[in-house]
Amino acid sequence: MIGFAVENVKMPAIDRTKVRKWLKAVALEHDGRQTGSLNYIFCDDERILQVNNEFLGHDYYTDIITFDYSTPRTVSGDMYISLDTVLSNSSLFKTPYEKELLRVIVHGVLHLCGINDKGPGERAVMEMHENRALDMWYNGKF
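Every residue gets a number counted from 1 within its own chain, in the order that chain's sequence is written. It should be noted that, the model being predicted, local features are given only for residues of pLDDT at least 70 and side-chain atom pairs only at 80 or more, the latter also being counted only at that level, while totals for whole chains, interfaces and linings use all residues. The side-chain numbers reported here are obtained from all heavy atoms of the structure, hydrogens and water having been left aside.

**Looking at the packing of helix α3 (residues 83-92) against helix α4 (residues 97-112)**
To define axes, lines are fitted to C-alpha atoms, for helices over the stretch in contact only, and angles between the resulting N-to-C directions are given on a 0 to 180 degree scale. Here a strand is any run of E in DSSP of at least two residues, a helix any run of H or I of at least four, and the numbering for each starts at the N terminus. In the contact formed by α3 and α4, the axes pass within 9 Å of each other and the chain directions differ by 125°. Taken together, the axes of α3 and α4 lie oblique to each other. α3 and α4 meet at a crossing whose hand is right-handed. Counted together, Leu83, Val86, Leu87, Asn89 and Ser90 of α3 and Tyr97, Glu100, Leu101 and Val104 of α4 form the full contact between these two elements. Broken down by class, the residue content of the contact of α3 with α4 amounts to six nonpolar, two polar and one charged. In these notes the angle categories are as follows: under 35 degrees is roughly parallel, over 145 is roughly antiparallel, 65 to 115 is roughly perpendicular, and the rest is oblique. Note on convention: near helix rotated counterclockwise from far helix by under a right angle means a left-handed crossing. Clockwise means right-handed. By definition in these notes, contact holds between two residues if any of their heavy atoms fall within 4.5 Å. Each residue is assigned to one class: nonpolar for Ala, Val, Leu, Ile, Met, Phe, Trp, Tyr, Cys and Pro, charged for Asp, Glu, Lys and Arg, and polar for all the others, Gly among them.

Written out as structure tokens, the structure is:
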């Protein structure tokens, strides 16, 4: 099940049925993984800061926080996404808001598939996988 909820924001205008199908296809591309319970919680900057502080001990804003409950073959997790930060980043990177939101949505699933972005060279690998997933979205290849 792939669910979407909001805290302190309005639900973003995304095609949730298409997003679900896309995320399942992205997971399959990574060693044939299946999607289990994926919960997206869209929120504002203040809520993500609170989650970041409470659960990770970090005192800064971010676009996504992913809590991983995956098993080796099934990706599952809760993902908090700050729509405020997504909007700021879309302006900063001069990319359409929808595309930035989709990038962040798939970023969480890619983490659940085992792709990291904190170590040396890992950010470039993550970006490659994000771009491949976005190509799937925009070319309808799923």
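That was the structure; now back to the text.
**With respect to unusual backbone geometry**
Notably, aspartate 31 is not glycine yet its phi reads approximately 60°, a positive angle. Relative to the helices and strands, aspartate 31 resides in the loop between α1 (16-28) and β2 (34-43). Phi is positive for lysine 94, which is not a glycine, with a value near 55°. Along the chain, the position of lysine 94 falls in the loop between α3 and α4.

**So, the nonpolar core**
Throughout, nonpolar core names a set of buried Ala, Val, Leu, Ile, Met, Phe, Trp, Tyr and Cys residues whose side chains join them through atoms within 4.5 Å. Using a 1.4 Å probe on the protein chains alone, a residue whose accessible area is under 20% of its type maximum counts as buried, one over 50% counts as exposed, and one in between counts as partly exposed. The biggest cluster of nonpolar side chains holds 33 residues, and the ones touching the most others in it are Trp22, Leu23, Tyr40, Phe42, Ile81 and Ile105. Secondary-structure elements contributing two or more residues to this core are β1 (2-7), α1, β2, β4 (74-82), α3, α4 and α5 (122-139). A total of eight residues in this core trace back to one element, the largest contributor, which is α4. Ignoring sequence-local partners within four residues, the contact set of leucine 23 consists of Ile2, Thr35, Tyr40, Ile105, Val106 and Val109. In terms of nonpolar packing, the next biggest core, distinct from the first, is built from seven residues, Ile41, Cys43, Val51 and Tyr80 among them.

**Considering the packing of aromatic side chains**
Two rings from Phe, Tyr or Trp (for Trp, the six-membered ring) form a pair when their centres are within 6.5 Å of each other. A pair whose planes differ by under 30 degrees is stacked, one over 60 is edge-to-face, and the rest are tilted. A complete count under the given rule lists seven aromatic pairs for this structure. Ring geometry for phenylalanine 67 against tyrosine 80: centres 6.1 Å apart, planes inclined by 85°, an arrangement best described as edge-to-face. Highlighted residues: phenylalanine 67 in strand β3 (residues 64-68) and tyrosine 80 in strand β4, separated in sequence by 13 residues. Of the two residues examined, phenylalanine 67 and tyrosine 80, each falls in the buried class. Seen in terms of ring centroids, tryptophan 137 and phenylalanine 142 are 6.2 Å apart; in terms of plane orientation they differ by 15°. Their pairing is stacked. With a relative accessible area of 24%, phenylalanine 142 lands in the partly exposed category.

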